Amino acid sequence: MSEELTAKLTLSDGREYDLPVHRATLGYDAVDVQSLTSQKLFTFDPGLMSTATCKSSITYIDGDQGILLHRGYPIDQLAENADYLEVAYLLLFGERPTPEQHKEFTQLVKKHTLVHEQLSRFFHGFRRDSHPMAVMCGVSGALAAFYHDSTDVRDVRHRELTAIRLLAKMPTLAAMCYKYSIGQPFMFPQNHLSYAGNFLYMMFATPCEPYVVNPVLERAMDRIFILHADHEQNASTSTVRTAASSGANPFACIAAGIASLWGPAHGGANEACINMLEEIGTVDRIPEFIARAKDKNDPFRLMGFGHRVYKNYDPRAKVMRQTCHEVLQELKIDNPLFDVAMELERIALNDPYFIEKNLYPNVDFYSGIILKAIGIPTSMFTVMFALGRTVGWIAHWKEMYNQGNFKIVRPRQIYTGEPQRDFEPMDKI
């Protein structure tokens, strides 16, 4: 049993307050400031960068050391030795499945891959050129209208069923977004395929001819899902928890998470990376852009290098780098974009400037290249992120309700407006 810690807050006017400290298994401990409101004091923390809003046993990140653990397991070991549904089970239930549990869980997910036929007509209310994330926000939230038999968040069975439904149906909805945008017919899921293989089938198959899933691309897609499955209390996960704190139905909560992820500062990083590669264009122009990146007075920034959280090497990037090279070797695509990407990677891994500033290629750099090589348009990149991250959102939503001691989220503010004043009728001014 660890020693109990307390903190003492001393104000310059002499007031003192004793505050309890919550111990963490790994990482930072947290000072409990809840009692300060009774003393008419708030804490001020824009962006909540120094505030723990919950206790969770799902994911641990140490950005300084480049560590990412799911339920204690390093992310690179999971990506190399597990499939996505095995990781999903781990996130949702706390322990890795036995072979029998894995088989049963996989079969259960596959049982729910179809969406209601009437939901397919919902897509026709959107313009064909709508951004896929706009469509995903709409159709994921609309699931509550079709599966209202499982929206009682107080019912454990409802929560379990909803978790499975969301995990199973998100690939179907994502593929439908793509098919609708290019005017091709929706493809029904094929439950004999793997989770990733089925998604690739629904994306790229047509009724005209047989489609065989490439195992190299299938494994790459599976790894992308694994490496995006959860990332602790980021903006979209916190958004899901905030929405859930009001008792909102889980489909609405996931739609809120998708909306948050849509922001370019969160889920659009791999799309920004591809746009940067296209801006550079050819290998011979790289020195010019490297020089601009090193110039503090130039607004240009290299996208896909370094990470806000990881001050060391992004642990996900190691696996994604290997996968990226496997995909490019398999497809043998003659595209100058990929030549630019590989030369940028070489420079970043050897240039002292990049090494000193820890500007290593991150997971977004490699995943963007992989998705582009597979044939997924850049407008769909954030949808891929949402698809992989859905299980993380569900796991946190589920954990929150299982703990049962949460409160509706109600942030405070420091009011800096006008003091109280009288408002007179217009005719008396």
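The preceding data block contains the structure.
The structure presented is a predicted model; accordingly, all values stated were derived computationally and were not measured.

**Regarding the overall build of the protein**
Turning to step 1, where the next piece is worked out: Broken down by element type, the protein carries 17 helices and 6 strands.
Turning to step 2, where the next piece is worked out: Against the 2.2 N^0.38 benchmark of 22 Å for 429 residues, the protein shows a C-alpha radius of gyration of 24 Å, consistent with a compact globule.
Turning to step 3, where the next piece is worked out: For the C-alpha atoms alone, the extent of the protein along its principal axes is close to 75 × 70 × 60 Å.
Turning to step 4, where the next piece is worked out: Every one of the 429 residues in the protein was classed for burial, and the buried ones make up 47%.
Turning to step 5, where the next piece is worked out: A sequence separation of at least 24 residues applies to 70% of the contacts in the protein between residues at least 6 apart.
Turning to step 6, where the next piece is worked out: Carbon and sulfur atoms form 52% of the exposed surface of the protein, whose accessible area is close to 22300 Å².
Turning to step 7, where the next piece is worked out: For the protein, the separation between the mean place of its 43 positive charges and that of its 50 negative charges on side chains is 4 Å.

**Side note on the packing of aromatic side chains**
Turning to step 1, where the next piece is worked out: Inspection of the entire model under this criterion finds 19 aromatic pairs.
Turning to step 2, where the next piece is worked out: Centre to centre, the rings of phenylalanine 305 and phenylalanine 354 are 6.2 Å apart; their planes meet at 55°, and the pair counts as tilted. On the criterion of sequence distance, the pair formed by phenylalanine 305 in the loop between helix H12 (286–294) and helix H13 (315–331) and phenylalanine 354 in helix H15 (residues 352–356) is long-range, its members being 49 residues apart. When sorted by exposure, phenylalanine 305 lands in the same class as phenylalanine 354, which is buried.
Turning to step 3, where the next piece is worked out: Members of the aromatic cluster, each reached through a chain of ring pairs, are Phe305, Tyr353, Phe354, Phe365 and Tyr366.

**Quick look at the sheet that holds strand E6 (residues 73–74)**
Turning to step 1, where the next piece is worked out: The antiparallel open sheet is built from 3 strands, whose spatial order is E4-E5-E6. For this open sheet the edge positions go to strand E4 (59–62) and E6, each flanked by a neighbour on one side alone.

**Some thoughts on the sheet that holds strand E3 (residues 30–31)**
Turning to step 1, where the next piece is worked out: In spatial order, the strands read E1-E2-E3; together these 3 strands make up an open sheet with antiparallel pairing. Each edge of the open sheet carries a strand with a single partner, namely strand E1 (6–10) and E3.

**As for unusual backbone geometry**
Turning to step 1, where the next piece is worked out: Of note, glutamate 232 is a non-glycine position whose phi angle comes to about 65°, a positive value.
Turning to step 2, where the next piece is worked out: Despite not being glycine, asparagine 358 has its phi angle at roughly 55°, a positive value.
Turning to step 3, where the next piece is worked out: Relative to the elements of secondary structure, asparagine 358 occurs in the loop between H15 and helix H16 (363–374).
Turning to step 4, where the next piece is worked out: Asparagine 358 sits in the partly exposed class, given a relative accessible area of 27%.

**Concerning the pattern of salt bridges**
Turning to step 1, where the next piece is worked out: All chains considered together, the criterion is met by 19 salt bridges.
Turning to step 2, where the next piece is worked out: Two residues, aspartate 129 and arginine 127, come together in a salt bridge whose shortest N-O distance is 2.7 Å.
Turning to step 3, where the next piece is worked out: On the basis of relative accessibility, which here comes to 54%, the residue aspartate 129 falls in the exposed class.
Turning to step 4, where the next piece is worked out: The class for arginine 127 is exposed, based on a relative accessible area of 59%.
Turning to step 5, where the next piece is worked out: In this structure, the salt-bridge partner of lysine 398 is glutamate 160, at a minimum N-O distance of 3.5 Å. Here lysine 398, found in helix H17 (residues 381–403), pairs with glutamate 160, found in helix H6 (residues 156–182); they are 238 residues apart in sequence, far enough to count as distant.
Turning to step 6, where the next piece is worked out: With a relative accessible area of 5%, lysine 398 lands in the buried category.
Turning to step 7, where the next piece is worked out: Salt bridges linked by common partners bring Lys8, Glu16 and Asp18 together as one network.

Basis of the calculations
- Residues numbered from 1 in each chain as written.
- Predicted model: local features only at pLDDT ≥ 70, side-chain atom pairs only at ≥ 80, totals over all residues.
- Heavy atoms only, no water.
- Helix = DSSP H or I, 4+ residues; strand = E, 2+ residues; numbered from the N terminus.
- Rg over C-alpha atoms; globule rule 2.2 N^0.38 Å.
- Buried < 20%, exposed > 50% of the residue type's maximum accessible area, 1.4 Å probe, protein only.
- Contact = heavy atoms within 4.5 Å.
- Areas by Shrake-Rupley, 256 points an atom, 1.4 Å probe, with all protein chains shown as cover.
- Lys, Arg positive; Asp, Glu negative; His and termini not counted.
- Charge placed at Lys NZ, Arg CZ, Asp CG, Glu CD.
- Phe/Tyr/Trp six-rings, centres within 6.5 Å; stacked < 30°, edge-to-face > 60°.
- Pairing = 2+ DSSP bridges.
- Salt bridge = Lys/Arg side-chain N within 4 Å of Asp/Glu carboxyl O.

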